[in-house]
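The residues making up each chain are set out below.
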Amino acid sequence: MLKPYLLVWLSLSVFFFSCKKKDSTPPAPDSPRVGTKWTYQYKTFDGGGMLADTYIFSYMASSEVTLGGETWLNITDSLGATFFMMKLKPDGLYQYANNSAQLLCKDPATVGDSYISYNAGADETFTVSGVNTLINLPYPTNNVYVNSYNGEKAGNLRDIIWYNKDLWIAKMEKYELNIITLAYHRSERWELISIDY
């Protein structure tokens, strides 16, 4: 008579001990949020395109702000000054500029897609130049898949942005006019070193 109870007890014991304990570690976020900190390697270039200086800087998503009826991440520098107001929407990464939502990085995207966005004080035409491209960064994983966007003003290249939906701006270059040669040249580059959610 004891045998059936023993079998039931053994069966239940095996069942309970074989069940995996629930992991109490919260899952990693899939997108920046309040508290996210981006650290970049920042390089400047002289009028001839030669490397002039390198240093490290960070930005942080310090708070949420309501603008135009939407909630935006207030991204600030180390002194607390706002650098970007950003928000991820179903069609890509937006910044709040010129008192409205401006599409910065269209996603999903197709190479050749083009759109006008207000950026750095004026309208800029962005064109998708690459989709799901592997680039190498100082970021700990080194290889990151990104979309790339070329921004032009008055027919001159002014920005290149490399975007990843989990990292947002993975890399960025800015171009400015050389007043001697009257040609545009790369003036600065940001490359993501780390991101802490």
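Everything that follows concerns the structure shown earlier in this document.
Residues numbered from 1 in each chain as written. Predicted model: local features only at pLDDT ≥ 70, side-chain atom pairs only at ≥ 80, totals over all residues. Heavy atoms only, no water.

The next point concerns the overall build of the protein. If you tally the helices and strands in the protein, you get one helix and 12 strands. Mapped from its N terminus to its C terminus, the protein presents α and β elements in the order α-β-β-β-β-β-β-β-β-β-β-β-β. A separation of at least 24 residues holds for 38% of the contacts in the protein among residues at least 6 apart in sequence. Carbon and sulfur atoms make up 57% of the accessible area of the protein, which totals about 11600 Å². (Helix = DSSP H or I, 4+ residues; strand = E, 2+ residues; numbered from the N terminus. Contact = heavy atoms within 4.5 Å. Areas by Shrake-Rupley, 256 points an atom, 1.4 Å probe, with all protein chains shown as cover.)

The grouping of Leu 177, Leu 182 and Tyr 184 at the surface amounts to a nonpolar patch, some 280 Å² of accessible area in total. Within the fold, Leu 182 resides in the loop between strand 11 (168-177) and strand 12 (184-196). (Patch = residues over 30% accessible without salt bridge, like charges linked within 9 Å, V, L, I, M, F, W, Y side chains within 5 Å. Salt bridge = Lys/Arg side-chain N within 4 Å of Asp/Glu carboxyl O.)

Pairing is antiparallel across the open sheet formed by 12 strands, whose spatial order is 6-5-4-3-2-1-12-11-10-9-8-7. Strands at the two margins of the open sheet, each flanked by one partner only, are strand 6 (100-106) and strand 7 (114-119). Mean inter-strand twist for the sheet, computed between neighbouring axes without regard to direction, equals 30°. Note that strand 9 (residues 143-153) and strand 10 (residues 156-164) share seven bridges and pair antiparallel. (Pairing = 2+ DSSP bridges. Axes fitted to C-alpha atoms, helices over the stretch in contact; angles between N-to-C directions.)

Attention now moves to the environment of Ala 170. Mapped onto the elements, Ala 170 comes out in strand 11. Assessed through its relative accessible area of 0%, Ala 170 is described here as buried. Every residue in contact with Ala 170, bar those within four places of it in the chain, is listed here: Tyr 40, Leu 137, Val 146, Trp 162, Trp 190, Glu 191 and Leu 192. (Buried < 20%, exposed > 50% of the residue type's maximum accessible area, 1.4 Å probe, protein only.)

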